Amino acid sequence: MKLYNGGKIITGLVIFLGIFLSPLAYNAGKAAYTQPKLKMPENEKECIESKEFMRTKHMQLLDQWRDFALRDGQRFYVNSKGKQFEMSLQKTCMKCHTNKAEFCDKCHNDAAVTPYCWDCHIQPEGLKK
């Protein structure tokens, strides 16, 4: 069985595979994602909850805080260790996460999500992009 235009077909396949696999070759050996570096204030040693909890469930926690604070009038949150925090994005969260562009935006952009926090909250001057 003779393959007509075999050289052209094989050349086309090699070029196609080269173009198709070039992103993999370009990114080989590079870390796909790195967690942002968080600088905690000197007087705070830990976050409201564990790092793992906050990475995966912070939005659910903020939604819960909104409901408790606005609908039920409950203003304080007690974490899993029994420590009390004011339910406030600006007074509690932004006290530690002071650089919105380097912390919040980096993670949200990497995850391709657009949170609606600043639709209601006034973005502090020092935190604007």
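Since we're looking at a predicted model, the values are computed, not measured.

Draft legend 1. Examining the confidence of the model for the chain more closely. On average, the chain scores 83 in pLDDT, and the residues at 70 or more come to 84%. Per-element confidence in the chain ranges from a low mean pLDDT of 80 for helix 4 (residues 101-111) to a high of 94 for strand 1 (residues 76-78).

Draft legend 2. Main features of the environment of glutamine 74. Summarising the element assignment, glutamine 74 is placed in the loop between helix 2 (51-71) and strand 1. With relative accessibility at 37%, the residue glutamine 74 sits in the partly exposed group. On a C-alpha basis, the gap between glutamine 74 and methionine 87 in space is 8.2 Å, while along the polypeptide they are 13 residues apart. Apart from the residues within four sequence positions on either side, glutamine 74 is in contact with Phe68, Ala69 and Met87.

Draft legend 3. Up close: helix 2. End to end, helix 2 covers 28 Å across 21 residues, agreeing with the expected 30 Å (1.5 Å per residue, within 8%). Along helix 2, the largest kink reaches about 75 degrees and is centred on lysine 57. Within the span of helix 2, buried status applies to Met54, Leu61, Leu62, Trp65 and Ala69. Each element contacted by the buried residues of helix 2 is listed here: strand 1, strand 2 (84-86) and helix 3 (89-96). Directly beyond the C-terminal end of helix 2, a positive phi value near 75 degrees is found at glycine 73.

What counts as what
Residues numbered from 1 in each chain as written. Predicted model: local features only at pLDDT ≥ 70, side-chain atom pairs only at ≥ 80, totals over all residues. Heavy atoms only, no water. pLDDT = per-residue confidence, 0-100. Helix = DSSP H or I, 4+ residues; strand = E, 2+ residues; numbered from the N terminus. Buried < 20%, exposed > 50% of the residue type's maximum accessible area, 1.4 Å probe, protein only. Contact = heavy atoms within 4.5 Å. Expected span 1.5 Å × (residues − 1). Bend = angle between axes of the 7 residues up to and from the residue.

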